[in-house]
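In case you want the letters, here they are:
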Amino acid sequence: MEAIWDGLVEAFRLIFRGDGELFSIAGRSLLVSGSATALAMLVGVPLGYLLGRARFPARTLILAAVGTGMGMPPVVAGLVIWLLLVRSGPFGGFELIYTKQAMIIAQFLIATPLVIAFTAASIQALPARLPDLLTVLGAGRLRTLWLLAREARLGLLAAVMAGFGAVVSEVGASMAVGGNLVGDTRVLTTAIVTETSRADTERAIAYGLVLLAMAFAIVAVLTVVQQRSPR
Amino acid sequence: MEARFEGVRFAYGDHPVLDVPELRFAEGRVTALLGPNGSGKSPLLRLLAGLERPAAGRVLVGGNPAPAARDSVAYAFQEAVFLSGTLRANLDLALRLRGLSPSARRSRLDEAATACGVAHLLDRPANRLSGGEAQRANLARALSLRAPLTLLDEPLAGFDERGRGQMLAELPALLRRFAGTTVLVTHDRDEALRLAEDLVLLREGRLRAAGPRREVFAAPPDPETAAFLGYTLVPTDAGLAGVAPGGLRPGPGDFTLSLHVEQVVDLVACVEVAGRSGGRRIAVEFPSDHPLPAPGEQVTVSAPTGMVVTFTKPAPEPVDRPSRASVA
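Residues numbered from 1 in each chain as written. Chains lettered and ligands numbered in written order. Predicted model: local features only at pLDDT ≥ 70, side-chain atom pairs only at ≥ 80, totals over all residues. Heavy atoms only, no water.

Participant: Can you break down the overall build of chain A residue by residue, with the values?
Facilitator: In terms of helices and strands, chain A carries 11 helices and 0 strands. In sequence order, the secondary structure elements of chain A are arranged as α-α-α-α-α-α-α-α-α-α-α. Its C-alpha atoms give chain A principal-axis dimensions of roughly 65 × 50 × 30 Å. By the burial criterion, 45% of the 231 residues in chain A qualify as buried. In chain A, 74% of the contacts between residues at least 6 apart in sequence involve partners at least 24 apart. In the form shown here, chain A has an accessible surface area of approximately 11,500 Å², with 71% of it arising from carbon and sulfur atoms. Side-chain charges of chain A comprise 18 positive and 13 negative groups, with the mean position of each set lying 19 Å from the other. (Helix = DSSP H or I, 4+ residues; strand = E, 2+ residues; numbered from the N terminus. Buried < 20%, exposed > 50% of the residue type's maximum accessible area, 1.4 Å probe, protein only. Contact = heavy atoms within 4.5 Å. Areas by Shrake-Rupley, 256 points an atom, 1.4 Å probe, with all protein chains shown as cover. Lys, Arg positive; Asp, Glu negative; His and termini not counted. Charge placed at Lys NZ, Arg CZ, Asp CG, Glu CD.)

Structure representation (structure tokens):
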């Protein structure tokens, strides 16, 4: 119990002292997971919109595949990307393995099914006649999409939160394709694993606290936006 | 603004939905599209709104293909759908999308909301209105556009009985004030007759009759259409005869039938006597002070010639033109 208390005290000291290593790792986590989430939104929202609105024969099958992707263990996503990017793999020539880009790709693979599924569900929940109504009222294609996105904002922001929450907290994929290289690909989750194995409890707790605070801050901002009623 | 169908065929996938060789909605008139469920009424309205494209033929609104004329069309869907936000924001958005200035929007919005009885609801969330309120708001949004062509899909759906009665009384004046040419969909004969000047009858995606309501009602083209219009069908030596709603009375007359009474129902204001004639079930309203028959009795009922049409074949295909009855 004393060790935990000492760990917490030391963790707060590291945070408030502005420990350079701690904040460099936190910044890297934010960069990698933020980029992966942004890319997942870029790809996942249009795909989710299509799956939510369009009706075609393979739709149910694709939704089932997306649902399966939501439950994919991060380490499996990491393994897939590692097999593709490792030097002897099909994309080895790009020399991306053990880089931040490889971590972004792996996290993108984890976040995208979540974004697609949340988007499809939120678009499907809108009244079926809404797009027709906007079309008849004279809204162009882009305006219709914007108004529909605004109506589906609860689900779309839930998609961002789910995607970001999943990737910022994963460790398996980052470890597999990033390699946990000090000063280069070490992020908060892999750093926690490293410090725990070294029995440096204070640092592990400090990293954990920063990770939680970061996730909370981002989700809190998104929640405020999500819950704000449009005029 | 006139709207016109020219050789229009429309299908959902392989399933044919509409086949309308020619149909014209005259400028400034109120037309009711009348037909049973699945007869193609709503697809016809969606074609007019440019929301669907015909597989063949042309739908012209004011001489332009329907999708290009969307700015001339206001459409109130059967299901009142709103975006989140207040009713005011919803009505304002509709006017803003039509490019109106803020002052024009304000006056149009207030005018339509007041006329439709929703002015007191303008600052309420639109998605929390009751069924009747939402339908009135839906109508206010369409009418506020003052479009040359107004399309109303089942405008009285969603009202309770009292609200429906009120709206049925108010709607003709609202249409005169805010709408130009109006096409409304209904499956209710009384609604169509009360609201519209012209009737278009559809069945199984085909046009059965079109024209001024009195003409269409007086001359249904086939027994099925007559039955839909409320005619009582009875077999005759030549085929079938249709008696217009309210045409049958107790006692002998121009067109006389013998009715085997099966049921007598006291409706207070009158008495409904139901039974069989020529194997068909018929109901006749007897005045409440008329001597009432008992079940099992045989009674004579009749209709004046002017309220009877005859069909030479039981189910003619192609459609036979009806003729006025001349039953002695």
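The structure having been displayed, the exposition proceeds.
Participant: How would you summarise unusual backbone geometry if you had to cite specific residues and measurements?
Facilitator: All names here are of chain B. Positive phi outside glycine occurs at glutamate 154, with the angle close to 45°. Examined against the element boundaries, glutamate 154 turns out to sit in the loop between β7 (149-153) and α5 (161-178). Given a relative accessible area of 8%, glutamate 154 falls into the buried group.

Participant: Lay out the interface of chain B and chain A with the relevant residues and their values.
Facilitator: It is common to report an interface's size as the accessible area lost on association of the parts. With 21 residues of chain B at the contact, the number on the chain A side is 18 residues. Interface area, chain B with chain A, both sides summed: about 1,800 Å², of which 66% is carbon and sulfur. At the junction of chain B with chain A, the criterion picks out 1 salt bridge. For A:Asp132, the salt bridge goes to B:Arg46, with nearest N and O atoms at 2.7 Å. (Buried area = accessible area lost by both parts, 1.4 Å probe. Salt bridge = Lys/Arg side-chain N within 4 Å of Asp/Glu carboxyl O.)

Participant: Describe in detail helix α1 (residues 2-17) of chain A, supporting the description with residues and values.
Facilitator: All names here are of chain A. A rise of 1.5 Å per residue sets the reference length of α1, with its 16 residues, at 22 Å; its end C-alpha atoms lie 22 Å apart and thus fit the reference within 8%. Of the positions making up α1, those classed as buried are Gly7, Ala11, Leu14 and Ile15. Buried residues of α1 fall within an arc of 95° about the axis and therefore sit on the same side. Within α1, the exposed residues directed more than 90 degrees away from the buried face are Glu2, Trp5 and Phe16. Within two residues after α1, glycine 18 carries a phi angle of roughly 75°, on the positive side. (Expected span 1.5 Å × (residues − 1). Arc of directions from axis to C-beta.)

Participant: Pulling in residues and values, what's your account of a nonpolar patch on the surface?
Facilitator: Side chains of A:Val75, A:Val76, A:Val80, A:Leu84, A:Phe91 and A:Phe94 sit close together on the surface and give an oily, nonpolar patch of about 500 Å² of accessible area. With respect to the element layout, A:Val75 can be found in helix α4 (residues 74-85). (Patch = residues over 30% accessible without salt bridge, like charges linked within 9 Å, V, L, I, M, F, W, Y side chains within 5 Å.)

Participant: Outline the pattern of salt bridges, supporting the account with residue identities and numerical values.
Facilitator: Scanning the model with the defined rule gives 29 salt bridges over all chains in all. Where B:Glu111 meets B:Arg146, a salt bridge forms, and the shortest distance between an N and an O atom there is 2.9 Å. Pair noted here: B:Glu111 is in helix α3 (residues 102-115) and B:Arg146 is in the loop between α4 (131-144) and β7, with a separation of 35 residues, a long-range link. With relative accessibility at 29%, the residue B:Glu111 sits in the partly exposed group. Taking relative accessible area as the criterion, B:Arg146 reaches 32% and is therefore assigned partly exposed. Between B:Arg124 and B:Glu133 there is a salt bridge, and its shortest N-O distance comes to 3.3 Å. With relative accessibility at 34%, the residue B:Arg124 sits in the partly exposed group. Within the structure, one salt-bridge network assembled from shared partners comprises A:Arg17, A:Asp19, A:Glu21 and A:Arg203.

Participant: Got a sec to walk through the pairing of strand β3 (residues 30-34) of chain B? Specific residues and values, please.
Facilitator: All names here are of chain B. For β3, a buried count of 5 out of 5 residues is recorded, marking the element as mostly surrounded by other parts of the structure. With 5 bridges joining them, β3 and strand β8 (residues 181-186) adopt parallel strand pairing. Bridging across to β8, leucine 34 finds its partner in threonine 186. As paired elements, β3 and strand β9 (residues 198-203) share 4 bridges and run parallel to each other. Across the sheet, residue leucine 34 finds its bridge partner in β9, namely leucine 201. (Pairing = 2+ DSSP bridges.)

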